[in-house]
Amino acid sequence: SDNNNPSLAQSLLKEAGDHLDDHRPVEALECLFRIYGLSASEGGGPEMKGLNRSIERALRMKIQLAPNTKDDVIQDRFGLATMFIDQERHEEASIELREIVSN
């Protein structure tokens, strides 16, 4: 394959970044979750460099833009907490979990 061609995963990551710059986290997450489903040979999958950071940024933005009472926010905070636990960032995970309980 021609290495000058960005992979589908790289294109999606860039597209997600553009959505985030325009404060469109839902569209960004659609791109990012597509990357998650790609194989490593397609340049994607959960291990892709920068993927988790972008998902974290998109979830945080989505939470910020949403009214606090929405069920979506609870799911988003839970998603963030799960990511933090996977990364052994337990302090940050507990903050998100406490926010779920307090709302």
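Use the structure listed above.
Just so you know, these numbers come straight off a predicted model, no measurement behind them.

### Some remarks on the pattern of salt bridges
- According to the stated counting rule, one finds 10 salt bridges in the structure shown.
- The salt bridge partner of glutamate 96 is arginine 60, with a shortest N-O separation of 4.0 Å. With glutamate 96 in helix α5 (residues 90–102) and arginine 60 in helix α3 (residues 51–65), this pair connects stretches of sequence that are 36 residues apart.
- We classify arginine 60 as partly exposed; its relative accessible area is 34%.
- The structure contains a network of salt bridges with shared partners spanning Glu56, Arg60, Arg77, Arg89, Glu92 and Glu96.

### Considerations on the nonpolar core
- Judged by nonpolar contacts, the single largest core of 24 residues is most densely connected at Leu32, Ile35 and Ile55.
- For this core, the elements supplying multiple residues, two or more each, are α1 (8–21), α2 (25–37), α3 and α4 (71–86).
- The greatest single-element share of this core, amounting to six residues, is contributed by α3.
- With sequence-adjacent residues up to four places away left out, leucine 32 is seen in contact with Leu13, Ala16, Leu51, Ser54, Ile55 and Ala58.

Conventions adopted
- Residues numbered from 1 in each chain as written.
- Predicted model: local features only at pLDDT ≥ 70, side-chain atom pairs only at ≥ 80, totals over all residues.
- Heavy atoms only, no water.
- Salt bridge = Lys/Arg side-chain N within 4 Å of Asp/Glu carboxyl O.
- Helix = DSSP H or I, 4+ residues; strand = E, 2+ residues; numbered from the N terminus.
- Buried < 20%, exposed > 50% of the residue type's maximum accessible area, 1.4 Å probe, protein only.
- Core = buried A, V, L, I, M, F, W, Y, C linked by side-chain atoms within 4.5 Å.
- Contact = heavy atoms within 4.5 Å.

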